[in-house]
Amino acid sequence: MAGAIWAVTQLEQGEPKGVSYETIAAGQKLAAALGKPLESVVLGAGARTAAAKVAARKVERVRVVDDPKLDPYTPDPYTAALRLAVEAETPDYVLFPHTYQVRDWVPRLAAALDAGFVSDVIDVRADGGEPVFVRQPFQGKLNADCVFAGAGPRLVSFQAGAFLADDAQKGESPAEIVDQAIDLSGVEVRTQVLDTFQEVENKVDLSRADVIVAVGRGIGKQENLGLVEELAAALGGQLAASRPVCDNEWLPMDRQIGSSGQTVAPRLYLAVGISGAIQHLVGMKNSGTIVAINKDANAPIFSVADYGIVGDLFEVVPALTAKVKETRGV
Amino acid sequence: MKIVVCIKQVPERDARLRIAPDGRSVDSAGAATEINESDQYALEAGLRLAEGVGGEVVALLLGPDGAEEAIRRALAMGATRAIHLNDAAFQEGDASANARALAAAAGAESPDLILTGLQSDDAGWSQTGVLLAERLGWPSATLIMEIEPPADGRIKVKRELESGWFQWITLPLPAVLTIQSGIYPVRYATLKGIMGAKKKEMKKMAPADLGLDPGQVGAAGRRVEVRRLYVPEKSAEAEILQGDAATAAATLVDRLQKEAKVL
């Protein structure tokens, strides 16, 4: 429908990926603010079956976009399919979850449609009828209010966890499901998928740990890790890390916490020398008690922590280890 | 093999950020800068590939005069030469406007491969590489963890997917790849490299040199505008424990025992 807001549902093994409901929740907020109808577009292999689940949410209708060329996912046919649908129906806004897959193809769609694309949005509000999209540039240190400039469809992707899937209201009756006719016969699929697999070496299951001591870039070099290992041992906890530590191969990848690593919620989480980029925070912010030790008082990690020590970790950590040993008698 | 690597200069990770008087940008005067982290990995990946199969690496950067420092560093690491898109018209572009300029400059080089970082540490759009692929009509792949030498006009790469999944794919050249941090350890510039960088070509280009109208790039060409940049209000404030290291550590243990009851 011309002027509508579309919330695009990403499928994972034929099921709506959880974050897609967050996108619907964001879409409901935007639709209410702008007085525009919200529709869901289910895109990919098995979209017809998945559409029934999405139709339970409060949306005007669910559009099904499926074609044999969409299985397995590759960017060319995905881009072509949604471009054709957008050109046919001319929605005003097209919303996505900010997933790895969305990052792989939605910028192509933006360029193909000559559309603006505000990515990784955490909130939306309307200032005098004009929607404002809030992002967190500079590794989450700052907020930016963004607006669209110029005409054309407007694309937005929402950061995981910015909206809650449970807030995506259910409709009184299931929404209408319609098949969106698209012709991909002329579309060349240039990417060839050889193998999709999980690395077998994920040996450490940090999600079961009661206490986690996580170390970040602030540790400086691999030789300094002993300091933090000692603290983890004194607390009877597991050692973990933020992405840069694993990128530098100071610790193996299976110790990594965050969006590209493990998601944990231990009783006690100590973040040592971790500034708290959003990619890390999403993996640990639901922990019971969070302690942050960092030299930068403005580091975003302090915004999720319960207790903070602003100081040199090379002084604080040994002092803490000694105190913990004394207290626990280890 | 000819490889163009797009790099961006960003504030150093620990730099104290000051909002500029316009309230929409960061005042970068005097601030320490570095090559964007995932771009460093892209450069490393490009250099390894070129060293393995033979060829050259061209560093491409859009930015003001001060970004020359990042270009020098890329040349010192081993890039053969550099292109600097530097003109007042390029300022305050969004991902779309910047990708238009980068695509024009990279495309004119007719490379086999364009590499970019996964996303920038400042704006963080995570769009540029994929945008310029579409502008050039080339295939693209993102979050690349491994690259094999090309064979029969195709390149085989390993992608990182969600939830711990990975994927091997192939795509035809020329192509654009966005590189995930950590792909290979990033080399340091040697003293010889730093000295040699001074003699390498650094070509400065303006919109007209790319066949672009100034209205297509920078602020005039953008589709998204930052209206306000500000320090976020903290939802919950951590209790900051005061005193020297020993005092703060003792207070923390006390809090964890008596208040949080987790020790």
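Residues numbered from 1 in each chain as written. Chains lettered and ligands numbered in written order. Predicted model: local features only at pLDDT ≥ 70, side-chain atom pairs only at ≥ 80, totals over all residues. Heavy atoms only, no water.

Caption draft 1: How the structure looks around the overall build of chain B. Summing up its helical and strand segments, chain B has seven helices and 13 strands in all. Counting every position in chain B, which comprises 263 residues, the buried fraction comes to 54%. Look at the contacts in chain B between residues 6 or more apart in sequence, and 70% of them connect residues 24 or more apart. Of the roughly 11000 Å² of accessible surface on chain B, a fraction of 50% belongs to carbon and sulfur atoms. Taking the average place of the 31 positive charges on the side chains of chain B and the average place of its 36 negative ones, the gap between the two points comes to 2 Å. (Helix = DSSP H or I, 4+ residues; strand = E, 2+ residues; numbered from the N terminus. Buried < 20%, exposed > 50% of the residue type's maximum accessible area, 1.4 Å probe, protein only. Contact = heavy atoms within 4.5 Å. Areas by Shrake-Rupley, 256 points an atom, 1.4 Å probe, with all protein chains shown as cover. Lys, Arg positive; Asp, Glu negative; His and termini not counted. Charge placed at Lys NZ, Arg CZ, Asp CG, Glu CD.)

Caption draft 2: Expanded view of the sheet that holds strand β7 (residues 140-147) of chain B. Spatial strand order, β11(A)-β9(B)-β8(B)-β7(B)-β10(B)-β6(B)-β1(B)-β4(B)-β5(B)-β11(B): ten strands in an open sheet with mixed pairing. Because the sheet does not close on itself, it has two edges, and the strands there are β11 (192-198) of chain A together with β11 (202-205) of chain B. The mean inter-strand angle of the sheet, taken between neighbouring strand axes irrespective of direction, is 30°. Strands in contact with helix α3 (residues 95-108) of chain B are β1 (2-7), β4 (56-62), β5 (81-85) and β6 (113-117) of chain B; relative to β4(B), the strand with the most contacts, it is inclined by about 150°. (Pairing = 2+ DSSP bridges. Axes fitted to C-alpha atoms, helices over the stretch in contact; angles between N-to-C directions.)

Caption draft 3: Just the domain arrangement of chain B, in detail. Split into domains, chain B comes out as domain 1 (2-221) and domain 2 (236-263). A C-alpha centroid distance of 44 Å is found between domain 1 of chain B and domain 2 of chain B. (Domains from an automatic or database assignment.)

Caption draft 4: Quick peek at the interface of chain B and chain A. On the chain A side, the residues contacting the 87 residues of chain B number 84 residues. Together chain B and chain A conceal approximately 7400 Å² of surface at their shared face, both sides included; 53% is due to carbon and sulfur atoms. A per-residue breakdown of the area chain B buries against chain A is headed by R13(B), E162(B) and R223(B), which together make up 10% of the total. Inspection of the chain B/chain A interface yields eleven salt bridges. We note a salt bridge from D104(A) to R159(B), for which the minimum N-O separation is 3.6 Å. Where chain B meets chain A, there are 41 residue pairs in polar contact (both at pLDDT 80 or more). Counting residues per element, the ones that place at least two in the side of chain B that touches chain A are α1 (37-53), α4 (128-136), β7, β8 (154-160), β9 (165-172), β12 (224-230), β13 (239-240) and α7 (245-258) of chain B. In terms of residues, the side of chain B that touches chain A owes the most to one element, α7(B), which gives ten residues. Grouping the constituent residues of the side of chain B that touches chain A by class yields 46 nonpolar, 15 polar and 26 charged. Examined bridge by bridge, strand β8 (residues 143-148) of chain A and β12(B) share six bridges and lie antiparallel to one another. (Buried area = accessible area lost by both parts, 1.4 Å probe. Salt bridge = Lys/Arg side-chain N within 4 Å of Asp/Glu carboxyl O. Polar contact = N/O pair within 3.5 Å; in protein donor to acceptor, adjacent residues only side chain to side chain. Nonpolar A, V, L, I, M, F, W, Y, C, P; charged D, E, K, R; others polar.)

Caption draft 5: Region of the structure containing the nonpolar core. In this structure, L82(A), F96(A), W105(A), F133(A), L155(A), L60(B) and L85(B) are the most contacted members of the largest nonpolar core, which totals 95 residues. In this structure, F133(A) is in contact with L30(A), Y93(A), V118(A), V121(A), D123(A), V124(A), A144(A), D145(A), C146(A), F148(A) and V156(A), ignoring residues within four places of it in sequence. Residues A67(B), M77(B), I169(B) and A197(B) belong to the second largest nonpolar core, which totals 38 residues. (Core = buried A, V, L, I, M, F, W, Y, C linked by side-chain atoms within 4.5 Å.)

Caption draft 6: Broad picture of the pattern of salt bridges. Inspection of the entire model under this criterion finds 43 salt bridges over all chains. D179(A) serves as the salt-bridge partner of R48(A), at 3.1 Å between the closest nitrogen and oxygen. Here the residue R48(A) occupies a position in helix α2 (residues 47-54), and D179(A) occupies one in strand β10 (residues 176-179), the gap between them amounting to 131 residues. On the basis of relative accessibility, which here comes to 43%, the residue R48(A) falls in the partly exposed class. Take D179(A): its relative accessible area is 53%, and that puts it in the exposed class. Note that R108(A) is salt-bridged to E134(B), the shortest N-O span being 2.8 Å. Here R108(A) is found in helix α4 (residues 100-113), whereas its partner E134(B) is found in helix α4 on a different chain. Exposure remark for E134(B): the relative accessible area of 23% places this residue in the partly exposed category. Connected through salt bridges with shared partners, the residues E39(A), R61(A), R63(A), E89(A) and E176(A) form a single ionic network.

Caption draft 7: Spatial organisation of unusual backbone geometry. Cis geometry is found at the peptide bond from D71(A) to P72(A), where omega equals -5°. Along the chain, P72(A) falls in the loop between β4 (61-65) and α3 (75-89). At the junction of L173(B) and P174(B), the peptide bond is cis and its omega measures out at 0° in the coordinates. The topology assignment puts P174(B) in the loop between β9 and β10 (175-179). For T90(A), which is not a glycine, the phi torsion comes out positive at approximately 45°. The phi dihedral of F138(A) is positive, around 55°, even though this residue is not glycine.

Caption draft 8: Quick peek at α2(A). All names here are of chain A. Every buried residue of α2 is accounted for by A47, A50, A51 and V54. Considered in projection along α2, the buried side chains sweep an arc of 115° and stay on one side of the axis. Each element contacted by the buried residues of α2 is listed here: β1 (5-12), β2 (15-16), α1 (19-34), β3 (38-43), β4 and β10. (Arc of directions from axis to C-beta.)

Caption draft 9: A nonpolar patch on the surface, seen in detail. All names here are of chain B. Together, L191, I194 and M195 make up an exposed nonpolar region whose accessible area comes to about 310 Å². Among the structural elements, M195 can be located in helix α5 (residues 191-197). Among the residues examined, M195 registers a relative accessible area of 45% and is labelled partly exposed. (Patch = residues over 30% accessible without salt bridge, like charges linked within 9 Å, V, L, I, M, F, W, Y side chains within 5 Å.)

Caption draft 10: Representation of the domain arrangement of chain A within the structure. All names here are of chain A. Domain boundaries assigned for chain A yield domain 1 (5-179) and domain 2 (206-328). Between the C-alpha centres of domain 1 and domain 2 the distance comes to 35 Å. Residue-level contacts link six residues of domain 1 with five residues of domain 2. At the junction of domain 1 and domain 2, the tally comes to zero salt bridges. In the side of domain 1 that touches domain 2, the residues fall into two nonpolar, three polar and one charged.

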